[in-house]
Amino acid sequence: WFAPYEQKSLVFASVFVIVCCGATVVTVNALLLGGNISFFQSVCVLGYCIFPLNIASVICLIGGPLIWRLAVVAVCFFWSTSASLGFMGELVPTNRRALAVYPLFLFYTSIGWLILIAARTSPYS
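Residues numbered from 1 in each chain as written. Predicted model: local features only at pLDDT ≥ 70, side-chain atom pairs only at ≥ 80, totals over all residues. Heavy atoms only, no water.

## Quick look at the overall build of the protein chain
Here is step 1: If you tally the helices and strands in the protein chain, you get five helices and zero strands.
Here is step 2: Overall, the protein chain shows an N-to-C arrangement of helices and strands of α-α-α-α-α.
Here is step 3: Seen through its principal axes, the protein chain has C-alpha atoms that stretch 45 × 30 × 20 Å.
Here is step 4: Here the protein chain holds 125 residues, and 35% of them are scored as buried. (Helix = DSSP H or I, 4+ residues; strand = E, 2+ residues; numbered from the N terminus. Buried < 20%, exposed > 50% of the residue type's maximum accessible area, 1.4 Å probe, protein only.)

Encoded structure:
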């Protein structure tokens, strides 16, 4: 949105690759830990669980102080993570849940960090 015209496709491609690779890594990790789910079903559910972070990005683009944006991203991060934990906890055996949740935490952290970086340069703030 606020990238220079010649960089807009690069920004889109970067976010697209980060989301695709992150969802793939989380899914393959769950499958390797003994999860019982299809690859595309897991990627699809992870995509739906990103929606709260999409809400955070729209709110942060409007602007506001840094503390407000941090709070919005934190709330939406925990919302996304808790939504994903519901199905990820059922996928893998009980003794391996922490190993399945850690990449999920890193995945949503990286997306939240991208939201904060983009919002920092917003012309509305």
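So much for the structure itself; the text now carries on.
## Considering helix α4 (residues 66-91)
Here is step 1: Compared with the 38 Å implied by 1.5 Å per residue over 26 residues, the 37 Å span of α4 between its first and last C-alpha is a close match.
Here is step 2: Buried within α4 we find R69, V72, V73, C76, F77, S80, T81, S84, F87, M88, G89 and L91. (Expected span 1.5 Å × (residues − 1).)

## Examining the confidence of the model for the protein chain
Here is step 1: Taken as a whole, the protein chain shows an average pLDDT of 86; of its residues, 92% reach a score of 70 or greater.
Here is step 2: Mean pLDDT in the protein chain bottoms out at helix α5 (residues 97-120), which sits at 87, and peaks at helix α3 (residues 51-62), which reaches 91. (pLDDT = per-residue confidence, 0-100.)

## Quick notes on the nonpolar core
Here is step 1: Counting residues in each nonpolar core, the largest one holds 26 residues, and the members touching the most others are L53, M88 and Y108.
Here is step 2: Elements supplying a minimum of two residues to this core: α1 (8-32), α2 (39-49), α3, α4 and α5.
Here is step 3: Apart from residues lying up to four places away in sequence, M88 is in contact with V26, A30, A100 and L104. (Core = buried A, V, L, I, M, F, W, Y, C linked by side-chain atoms within 4.5 Å. Contact = heavy atoms within 4.5 Å.)

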